[in-house]
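What follows is the residue order along each chain.
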Amino acid sequence: MTGRPRAVLGRIIDDLGSTLFAVAAGTPDPDREITGVLIHDPHDEPSHPPGAVILGVAVYGSAAIATLVHRAAGLGAPAIVVRGPIVVDAEVEAAVASTGVVILSLTPGASWSQVTTLLRALLAVDEVGTAQSGETLDGAPAGDLFALVNAIAALLDGPVTVEDRSGRVLAFSSRQDEADEPRIATILDRQVPAEMLRVLEERGAFHALYRSEGPLYLVGVSDLPRVAIAVRAGDEILGSIWVVVREPLSEELARSLTEAAKVVALHLLRRRAGADVERRLRTDLLATVLEGGPAAVDAAGRLGLAHQPACVLALAVVGDSAPAERSAEEHRIVDALALHLAAVHPRTATARLGGFTYAILPTESDARAVRLAEEFLARIGGRIDAVVGIGRVAAREVDLPSSRADADRALRVLRAGRSSLRVARLCDVYVSSLLVDVADRVAATDDAPAGPVTRLRAYDAEHDTHLTETLAAWLDTFGDVTAAAAAVHVHPNTFRYRLRRLSEVGAIDLADGDARFDAMFQLRLHGVHPNGAHPRSNAAAGRLAAPTALRGPGV
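Procedures and definitions
Along every chain, residues carry numbers that run from 1 in the direction the sequence is written. pLDDT decides what is reported in this predicted model: residues at 70 or higher carry local features, side-chain atom pairs at 80 or more are listed and counted, and totals for whole chains, interfaces and linings draw on all residues regardless. The side-chain numbers reported here are obtained from all heavy atoms of the structure, hydrogens and water having been left aside. For helices the rule is a DSSP run of H or I covering at least 4 residues; for strands it is a run of E covering at least 2, with both sets numbered from the N terminus onward. Throughout, exposure labels follow a simple rule: accessible area from a 1.4 Å probe, protein chains only, divided by the maximum for the residue type, with under 20% read as buried, over 50% as exposed, and the rest as partly exposed. Ring pairs are drawn from Phe, Tyr and Trp, using the six-membered ring of Trp, whenever the two centres fall within 6.5 Å, and their geometry is named by plane angle: stacked under 30 degrees, edge-to-face over 60, tilted for the rest. On a range of 0 to 100, pLDDT expresses the predictor's confidence in each residue. In what follows, residue pairs with any heavy atoms lying within 4.5 Å of each other are defined as contacts. What goes into a patch is any residue over 30% in relative accessible area without a salt bridge, connected to like charges within 9 Å or, for nonpolar side chains (Val, Leu, Ile, Met, Phe, Trp, Tyr), within 5 Å. To measure how exposed things are, a 1.4 Å probe is used in the Shrake-Rupley method; for residues, cover is taken only from the protein chains shown. Counted as salt bridges are all cases of a side-chain nitrogen of Lys or Arg within 4 Å of a carboxyl oxygen of Asp or Glu. Buried Ala, Val, Leu, Ile, Met, Phe, Trp, Tyr and Cys residues that are joined via side-chain atoms within 4.5 Å together make up what is termed a nonpolar core. DSSP calls a pair of strands paired once it identifies at least 2 bridges connecting them. Axis lines are fitted through C-alpha atoms, for helices just across the contact stretch, and the angle between N-to-C directions can take any value from 0 to 180 degrees.

### Considering unusual backbone geometry
With an omega of 0°, the peptide bond between Gly84 and Pro85 qualifies as cis. Relative to the assigned elements, Pro85 resides in the loop between β4 (79–83) and α3 (90–99). Of note, the phi angle at Phe478 is positive, near 60°, even though the residue is not glycine. Residue placement: Phe478 occurs in the loop between α16 (467–476) and α17 (481–487). On the accessibility criterion, Phe478 (43% relative accessible area) is partly exposed.

Structure below.
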């Protein structure tokens, strides 16, 4: 679309020609700009700027058509549309020759409401990237796409959805109540149900859909049949159109759907281009705000975040997925989090920076931010393993860098597996954050602490014993031998033997409070847990085993 005029007659004929109309008379100027759509009324003098396409509703016969051609020329219209079939006689040819107005013949069976909606939707494509208001979807204006989908539904007489390749609903038509339960669930969740996607995959529907140039009729995948067609831009699959039907489409309607898919492709391309531009702009502004400095206040104002309290959320994807798969997960989660938070506060700013997802949420309560983050992670379920750090509430935009620092510190604890939480404020994991800082210092200076725990770990490594684990379990249960033995799955007498043995090997006096504290600190520093792993998950390969929370010593 680069370099093409905003809206021209050539594009309308190319994109809608075989669907709605054909050139009946005249030679179209493909570069002639189109400014709108005007419905002809012989008893009304329209006040429309030159360049509109005139719809000749109820205009029949050569004389009436010739009269409309002359009237269109007076209004500066490049073309008229009249119901076909049209007999182009000498009178009509003379009118076209003298005015240069093109006559387009409307396809039999197409309604004027469909023509109006499709034309206006197509003309609106170039406004999508610059529109500043109106209905939006994921931050990009989408009202025109919904109007187009409604027009397709009217043309095919069935409820329609436009979906991306992951099954997320981008737009849907009215009359969805006429569909079946899976379609209604799809509309409510704005996502095709996982079970439905699985069935379609198993039956090879997507493989066939993306290989086919035309509509695909599908039965047995739901209560009602579906007709689907891929939406393409060259060799790229942008998504698909799905229509709930009762029977296969006629050849004529199948052609109409094929042509409609081209128009949808234009909308999706423009929508994606506009979304990319907006995303880059918001990312730059968000980075400026979080980094602080003289430009931060102005950037916050442009994001609509000035003069209100807010806090920073930092999200990271964890787990064992391959790098390519994790990258895709990380990019999907940015949009998902943006939608989730925007439903609560429209001024929320979300972007991906430095490998993590950051969001600035206008709020007076960090507890509310925690609740929203927990709801988001519950919503995505087990599809993506993620953790979220929450920063302090910043009263002013200049304080947001401090909120980000808090969120980053909390996130480091969660990513290191040193907490059972999936969402945490810095105050929730403060001690663990200090341990992470100390561990980093130890690693950077190669200054590993010496002492009883170090001796026990070395002994365990050499003799394949479990003395370090025994000490951790004993401290974690306040010296309750029975509970500690159960935690490491040994008999209490065996545990008592190990306890005496570790006192000898580690040279540690378990009756000394300072010695117990020193041992607990080093165990937490090394990430030793009595069960050998953190209760939340073993999400990250190579992650330190997580400790339990620090507790008072037992005797």
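### Re the packing of aromatic side chains
Under the counting rule described, the total for this entry stands at three aromatic pairs. On the basis of an interplanar angle of 80° and a centroid distance of 5.4 Å, the ring pair of Phe146 and Phe172 is categorised as edge-to-face. Note that Phe146 is positioned in helix α5 (residues 143–156) and Phe172 in strand β9 (residues 169–172), a separation of 26 residues in sequence. With a relative accessible area of 12%, Phe146 lands in the buried category. Take Phe172: its relative accessible area is 24%, and that puts it in the partly exposed class. Measuring from ring centre to ring centre gives 6.2 Å for Phe206 and Tyr210, while their planes differ by 25°; the resulting arrangement is stacked.

### Section: the environment of Ser105
Positionally, Ser105 belongs in strand β5 (residues 102–106). Taking relative accessible area as the criterion, Ser105 reaches 16% and is therefore assigned buried. Taking the C-alpha atoms as reference, Ser105 lies 5.1 Å from Phe21; in sequence the two are 84 residues apart.

### Thoughts on the confidence of the model for the protein
Averaged over every residue, the pLDDT of the protein is 80; residues scoring 70 or more account for 82%. Across the protein, element-level confidence peaks in strand β17 (residues 423–425) with a mean pLDDT of 95 and bottoms out in strand β6 (residues 136–137) with 36. Taken together, the stretch residues 1–5 has pLDDT below 50 and engages in nine contacts with residues farther than four places along the chain or on a different chain. Residue range residues 531–555 is modelled with pLDDT below 50. Its contacts to residues more than four positions away, or to other chains, number 73 contacts.

### Observations concerning a nonpolar patch on the surface
Nonpolar side chains collect at one region of the surface, where Tyr430, Val431 and Leu434 lie side by side and expose about 260 Å² of accessible area between them. On the basis of relative accessibility, which here comes to 36%, the residue Leu434 falls in the partly exposed class.

### A closer look at the nonpolar core
Ranked by size, the top nonpolar core spans 30 residues in total, and within it Leu286, Val289, Leu290, Val312, Tyr358, Ile360 and Leu400 carry the most contacts. Looking at this core element by element, the count peaks at six residues for helix α13 (residues 400–415). Beyond its immediate stretch of four places on either side in the chain, Ile360 contacts Leu286, Val289, Leu290, Leu305, Ala310, Cys311, Val312, Thr348, Ala349 and Leu400.

### Here's the deal with the pairing of strand β14 (residues 349–353)
Burial of β14 is extensive: four of the five residues sit out of reach of the surface. Where β14 and strand β15 (residues 356–362) come together, five bridges link them in antiparallel fashion. Across the sheet, residue Arg352 finds its bridge partner in β15, namely Thr357. Counted between consecutive antiparallel strands, the loop separating β14 from β15 contains two residues, among which Gly354 sits at a positive phi close to 60°.

### Re the sheet that holds β9
The strand order across the open sheet built from five strands is β9-β8-β12-β11-β10, with neighbouring strands paired in antiparallel fashion. With partners counted over all chains shown, the strands left at the sheet margins are β9 and β10 (216–218), one partner each. Strand after strand, the sheet turns through a mean of 25° between neighbouring axes, direction not considered. Relative to strand β12 (residues 236–244), strand β11 (residues 226–233) runs antiparallel, the two being bridged by eight bridges. Along β12, the bridge assignment pairs Val227 with Val243. Relative to the sheet, helix α6 (residues 181–189) contacts β8 (160–163), β9, β11 and β12, its axis offset from that of β8 by approximately 55°.

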